[in-house]
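Structural description and commentary
Residues per chain are reported as follows:
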Amino acid sequence: MLHHPDPRVAVVIIVRDGRARLERTLERLTALPERPPVIVVDNASSDGTVAAVRSRFPEIRVIELGENRGAAGRNAGVAAAEAPYVAFAEDDSWYEPGALRAAADVLDAHPAIALVNAHVEVGEERRPDPLHDDMVGTPLPDDGRLPGHRILSFLEGVSIVRREAFLSVGGFDPRLGVGGPEEHLAADLLAAGWQLRYVPAVRARHVPQHGTPPERVRRLGLRNALWFAWTRRPAPVALRWTVHLLRDSPRSWATAGGLLDALRWLPRLPLERRPLPPAVERDMALLDGPKMASAARRYGRPRPRPRPRRRGAAGSTTGA
């Protein structure tokens, strides 16, 4: 493995009140052989995160937003980055040595690819993320000319994006906050003609310490999923997804709140409708059935812990 710095990739992390987790992540990122520039975007933390980063990691650039923009905080980080590619991380996710160089090599060699989703090992026991299985062997047509597997969405905290492509579609929608904003950005990239790939050779780690997502995140996740169905998919498909999402969500205040939030926005539907291009819609339709049947996609519910795999068994990552 090469050990000299690689200027092609910068890392952008968003954080809100994650000081202890972030310090652990920054220790790993600053030790990578690629020596990537790291930009921390703070979404109005109140736990001393900014002061801690500036004290322990003076080489890291910190952007203080003064408000919580959710995933859209990454837009400020990407705008500030000077590298052609930007790797997204969370306060509890990072990349393995050599992964950023491998991703940059893929993006250099294949100008049609806008985003590379890494293969993720979860927890201290390094189990494969169960969403990997949804990204391999799908019915999506693929001519095999590009590395990895075709995907139609991605995992926000373990993906490397082409900065030019990200900025050209406007980045993350600031109205979405958290809770599945990737689906909306992925659709914008696909509609613009870009390719998204899951590349198992690019490796990342995710050691979550958050537990079950809070009610607010699940509420926003349901709202954002309904918004996507209503604004981007044909009416019959949107209705099918609405029924599925509500049936698959637990009967809780979070579900009721997410539905109410979505309905409040409904009068704007005629102005917000942006149907996907026919080719992208055909691909989306191929994955609707598998996504609805996936055990790893339990809308509004905690995802099941995967069973241990035999050594050498295939794994995969990301929201396809």
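Above this text is the structure in question.
Residues numbered from 1 in each chain as written. Predicted model: local features only at pLDDT ≥ 70, side-chain atom pairs only at ≥ 80, totals over all residues. Heavy atoms only, no water.

This part is about the overall build of the protein chain. When you go through the protein chain residue by residue, the secondary structure sums to eleven helices and ten strands. In terms of overall dimensions, the protein chain has a C-alpha envelope of 55 × 45 × 40 Å along the principal axes. Taking all 320 residues of the protein chain together, the buried fraction comes to 53%. For the protein chain, long-range pairs separated by at least 24 residues make up 82% of all intrachain contacts whose partners lie at least 6 apart in sequence. In the form shown here, the protein chain has an accessible surface area of approximately 14500 Å², with 55% of it arising from carbon and sulfur atoms. Put simply, the protein chain has 47 plus and 38 minus side-chain charges, and the middle of one group is 5 Å from the middle of the other. (Helix = DSSP H or I, 4+ residues; strand = E, 2+ residues; numbered from the N terminus. Buried < 20%, exposed > 50% of the residue type's maximum accessible area, 1.4 Å probe, protein only. Contact = heavy atoms within 4.5 Å. Areas by Shrake-Rupley, 256 points an atom, 1.4 Å probe, with all protein chains shown as cover. Lys, Arg positive; Asp, Glu negative; His and termini not counted. Charge placed at Lys NZ, Arg CZ, Asp CG, Glu CD.)

The phi torsion at R35 lies on the positive side, around 50°, for a residue other than glycine. Topologically, R35 is positioned in the loop between α1 (19-30) and β2 (38-42). A positive phi angle, close to 60°, is found at R126, a residue other than glycine. Residue class for R126 comes out partly exposed when judged on its relative accessible area of 36%.

The topology assignment puts E34 in the loop between α1 and β2. One buried charged side chain, E34, makes no salt bridge at all; its nearest oppositely charged neighbour is R101, positioned 4.8 Å away. Beyond its immediate chain neighbours, meaning those up to four positions away, E34 contacts H4, P5, D6, P97, G98, A99, L100 and R101. (Salt bridge = Lys/Arg side-chain N within 4 Å of Asp/Glu carboxyl O.)

With 14 residues, helix α8 (residues 235-248) extends 20 Å from end C-alpha to end C-alpha; this agrees with the ideal 20 Å at 1.5 Å per step. All of the buried residues in α8 are V237, A238, W241, T242, H244, L245 and D248. (Expected span 1.5 Å × (residues − 1).)

Further remarks concern helix α11 (residues 278-293). Since one α-helical turn is 3.6 residues long, residues separated by three or four positions face the same way. For α11, built from 16 residues, the straight-helix expectation of 22 Å at 1.5 Å per residue is met to within 8% by its first-to-last C-alpha distance of 24 Å. Taking the largest bend as the criterion, α11 deviates by roughly 35°, centred on L287, and proline P290 comes between one and four positions later. Within α11, burial applies to V280, E281, D283, M284, L287, D288, K291 and M292. If you follow the buried residues of α11, they end up packed against β8 (149-150), α6 (182-191), α7 (215-232) and α8. (Bend = angle between axes of the 7 residues up to and from the residue.)

Before going further, it helps to examine the packing of α6 against α7. It is at 10 Å that the axes of α6 and α7 come closest, and there the two elements cross at 30°. By the angle between their directions, the pair α6 and α7 is classed as roughly parallel. Counted together, E183, H184, A187, D188 and A191 of α6 and N224, A225, W227, F228 and R232 of α7 form the full contact between these two elements. Looking at the contact of α6 with α7 residue by residue, the classes come out as five nonpolar, two polar and three charged. (Axes fitted to C-alpha atoms, helices over the stretch in contact; angles between N-to-C directions. Parallel < 35°, antiparallel > 145°, perpendicular 65-115°, else oblique. Nonpolar A, V, L, I, M, F, W, Y, C, P; charged D, E, K, R; others polar.)

As a working rule, side chains carrying opposite charge can pair if their charged atoms are close by. Applying the stated criterion across every chain, the model contains 31 salt bridges. Where R264 meets D261, a salt bridge forms, and the shortest distance between an N and an O atom there is 3.2 Å. Note that R264 and D261 are positioned in helix α9 (residues 253-265) at a spacing of three residues, about one turn of the helix. Of the residues examined, R264 reaches a relative accessible area of 58% and is grouped as exposed. Residue D261 is classed as buried on the basis of its relative accessible area of 15%.

Attention now goes to the packing of α1 against helix α2 (residues 49-56). Here α1 crosses α2 at 25°, and the two axes come no closer than 10 Å. Here α1 lies roughly parallel to α2, going by the angle between them. Handedness of the crossing formed by α1 with α2: right-handed. Contacts between α1 and α2 involve R19, L22, E23, L26 and E27 from the first element and T49, A52, V53 and R56 from the second. Residues belonging to the contact of α1 with α2 are distributed by class as follows: four nonpolar, one polar and four charged. (Left-handed = near helix turned anticlockwise from the far one by under 90°.)

What follows is about the environment of P139. The residue P139 is located in the loop between β7 (127-128) and β8 in this model. Among the residues examined, P139 registers a relative accessible area of 43% and is labelled partly exposed. Counting along the chain gives 21 residues from P139 to I160, while the straight-line C-alpha distance between them is 24 Å. Non-local contacts of P139, meaning those with residues more than four positions away in its chain, are made with L286 and L287.

This part is about the pairing of strand β4 (residues 85-89). Extensive coverage of β4 is indicated by the burial of five of its five residues. Summarising the sheet, strand β1 (residues 9-15) and β4 pair through five bridges and their orientation is parallel. From the neighbouring strand, V9 faces β4, where its bridge partner is Y85. One ladder, built from three bridges, connects β4 with strand β9 (residues 159-162); its direction is antiparallel. Each residue of the ladder has a partner; that of A87, found in β9, is I160. (Pairing = 2+ DSSP bridges.)

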